[in-house]
Amino acid sequence: MKYKCCDALLHKLAINPDNINFCCSPYDNKLQYLNNYNGEVIDIADYRKRREYYLNMFKSGNIPEACQNCFHVEEKDWDEEIGFKFISISSRTKCSSCDCFYCIQSLGKPEIKKELNTRQCWDIKPIIKELYNENLILKDCIYIIGGGEPTEFPQDELEYLMLVGLMSDVHILILTNGIIYNENIAKLLSVGKVSLKISIDAGTKATYQKIKRVNAYDKVMTNIKKYSQAAKNNPNGIVEAKYIICPGINDNLKEAKAFISKIKKAGCKGLEVALEYSWFNSNKNNPVNGTLRETLSYFREITKNGFGNFGDADSWVASKLEEK
Ligand code: SF4
Ligand code: SF4
């Protein structure tokens, strides 16, 4: 039966500093599972009940308010098997190595991303263990460690999070700004247990400085080379670069082409392109023209040829480029 729904509701768990959501997309509201979360073990029966409740809303065409404008809503035959394809862990908000103007951790409250002011991560293991016992971790599940900036977490916490992933036999994906090189990550890349997604957003130092507001472009490119070198003999250790298109700043072909040329030279095996979410949330219903259209077409061509993807924004980009 075809109906409107989204994969995150059915198969994702996003564990954040003080809540657990069905998704972590910054592009719209998020559908919450638990508010005021403080590290407790999840009540699986309750989780099942809430998932069922929202699923029935979707099936009856009564889309939950948080999901009404979300581009992840799609009409198709859905795989309703209960279980997780993505478990995303962002227990901490700290990131003092970087200062992206779009950072969701600092919007309105710059101080929250400078400090280790959020929950430690020791509650993750009991949660993952419980999901295992309940057979809720699906084959090929991706265990995403984000933040904040994971390389700034206390070293024992990052090691602990990676260890939980290793013991759970899931592939670990670490989201990082790439500014701080981490030897343990490099070792796990070399044996194909970890992949990295490094956000860069620029093909030149000047643009990087405008977006990230720190002088670290050369350092990041050097670290990408080192990580790529570590991963080079293992096809499962993937170093991927991320480019968040920020209209008016980096949405021009010159920047995009310089970026692609540099990340390929540095050894990246993949790419994710995204749209800056504040811009996106205000402009998603407008036509796309000018340099942005050219840049989207350029990235679309590259991703169609097998190098990377548009992640969450894929169907939106495709539909915008089809409009005359
Ligand atoms: S439709 Fe959007 S807001 Fe709702 S659960 Fe899915 S990704 Fe989250
Ligand atoms: S790297 Fe991530 S956490 Fe750090 S400032 Fe940028 S968006 Fe925020």
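The structure this text deals with has already been given above.
Keep in mind that this is a model prediction, so the values were computed, not measured.

Rules and cut-offs
Residues numbered from 1 in each chain as written. Chains lettered and ligands numbered in written order. Predicted model: local features only at pLDDT ≥ 70, side-chain atom pairs only at ≥ 80, totals over all residues. Helix = DSSP H or I, 4+ residues; strand = E, 2+ residues; numbered from the N terminus. Rg over C-alpha atoms; globule rule 2.2 N^0.38 Å. Buried ≥ 20, exposed ≤ 12 C-beta atoms within 10 Å, placed from the backbone. Near = placed C-beta within 6 Å. Nonpolar A, V, L, I, M, F, W, Y, C, P; charged D, E, K, R; others polar. Axes fitted to C-alpha atoms, helices over the stretch in contact; angles between N-to-C directions. Parallel < 35°, antiparallel > 145°, perpendicular 65-115°, else oblique. Left-handed = near helix turned anticlockwise from the far one by under 90°. Contact = placed C-beta atoms within 7 Å. Pairing = 2+ DSSP bridges.

Trainee: Any chance you could explain the overall build of the chain here in plain terms?
Mentor: Across its full length, the chain carries 11 helices and 11 strands. For the chain, whose C-alpha radius of gyration is 19 Å, the value lies close to the compact-globule estimate of 20 Å for 324 residues. Oriented by its inertia axes, the alpha-carbon framework of the chain measures out at about 50 × 50 × 40 Å. When the 324 residues of the chain are sorted by exposure, 38% land in the buried category.

Trainee: Any chance you could explain the site of ligand 1 here in plain terms?
Mentor: Taken together, the neighbourhood of ligand 1 is formed by 15 residues, with Cys6, Cys23, Leu31, Cys67 and Cys70 sitting nearest. Here the shell around ligand 1 is built from residues that sort into 10 nonpolar, three polar and two charged.

Trainee: Teacher, can you tell me more about the packing of helix α10 (residues 290-304) against helix α11 (residues 314-322) here?
Mentor: Each packed pair of helices is defined by two parameters, the angle between the axes and the distance between the axes. Closest axis-to-axis distance for the α10/α11 pair is 11 Å, and the angle between their directions is 120 degrees. It follows that α10 is oblique to α11 by the angle criterion. Crossing handedness for the pair α10 and α11: left-handed. Residues Leu296, Ser297 and Arg300 of α10 lie in contact with α11, whose contacting residues are Val317, Lys320 and Leu321. The residue inventory of the contact of α10 with α11, partitioned by class, reads three nonpolar, one polar and two charged.

Trainee: What is the right way to look at the environment of isoleucine 89 in this model?
Mentor: Checked against the element boundaries, isoleucine 89 lands in strand β6 (residues 84-89). Taking the C-beta count within 10 Å as the criterion, isoleucine 89 has 23 such neighbours and is therefore assigned buried. The spacing of isoleucine 89 and alanine 66 is 23 residues in sequence and 21 Å in space, taken between C-alpha atoms.

Trainee: Explain the environment of leucine 175 to me, please; I cannot follow it from the model alone.
Mentor: Residue position: leucine 175 is located in strand β8 (residues 171-176). The class for leucine 175 is partly exposed, based on 19 C-beta atoms found within 10 Å. Beyond its immediate sequence surroundings of up to four residues, leucine 175 is in contact with Ile144, Gly146 and Lys197.

Trainee: Where do I start with unusual backbone geometry in this structure?
Mentor: Among all residues except glycine, the phi angle is most often negative; among peptide bonds, the trans geometry is most common. In the segment running from glycine 147 into glycine 148, the intervening peptide bond is cis, with an omega of 10 degrees. Mapped onto the secondary structure, glycine 148 falls in the loop between β7 (137-145) and α4 (155-167). Here the phi dihedral of asparagine 135 falls at roughly 55 degrees; this positive angle occurs in a residue that is not glycine. If you trace the backbone, asparagine 135 turns up in the loop between α3 (124-133) and β7. The residue aspartate 201 is not glycine, and still its phi comes out positive at about 65 degrees. Within the secondary structure, aspartate 201 is located in the loop between β9 (194-199) and α6 (205-212). Taking the number of C-beta atoms within 10 Å as the measure of exposure, aspartate 201 has 24 and is therefore buried.

Trainee: Even after reading the chapter, I still don't get the site of ligand 2, so can you show me in this structure?
Mentor: In the vicinity of ligand 2, the contacting residues are Cys95, Cys98, Asp99, Cys100, Cys103, Gln105, Gly147, Gly148, Glu149, Asn177 and Ser199. Residues that form the shell around ligand 2 fall into these classes: four nonpolar, five polar and two charged.

Trainee: For this particular structure, what's the right way to read the sheet that holds strand β4 (residues 32-34)?
Mentor: The strands that make up a sheet pair up through hydrogen bonds in the backbone, lying either parallel or antiparallel. The nine strands are arranged β4-β3-β2-β6-β7-β8-β9-β10-β11 in an open sheet whose pairing can be described as mixed. This sheet does not close on itself; its edge strands, each paired only once, are β4 and β11 (270-275).

Trainee: It is not clear to me how the pairing of strand β10 (residues 239-245) should be interpreted in this structure. Could you clarify?
Mentor: A regular strand places its side chains on the two faces of the sheet in alternate fashion. Of all the seven residues making up β10, seven are buried; the element is thus mostly covered by neighbouring parts of the structure. Of the two faces of β10, the one lined by Val239, Ala241, Tyr243 and Ile245 and the one lined by Glu240, Lys242 and Ile244 are each fully buried. For β9 and β10, the ladder comprises four bridges, and the chain directions are parallel. By the bridge assignment, serine 199 is partnered in β10 with lysine 242.

Trainee: So what exactly am I meant to see when it comes to the packing of helix α7 (residues 217-231) against helix α8 (residues 253-266) here?
Mentor: Put simply, α7 and α8 touch, their axes get as near as 8 Å, and they point 40 degrees apart. The angle between α7 and α8 places the two elements in the oblique class. Facing Met221, Ile224, Lys225 and Ser228 of α7, the residues of α8 in contact are Lys262, Ile263 and Ala266. Across the contact of α7 with α8, the residue classes break down as four nonpolar, one polar and two charged.

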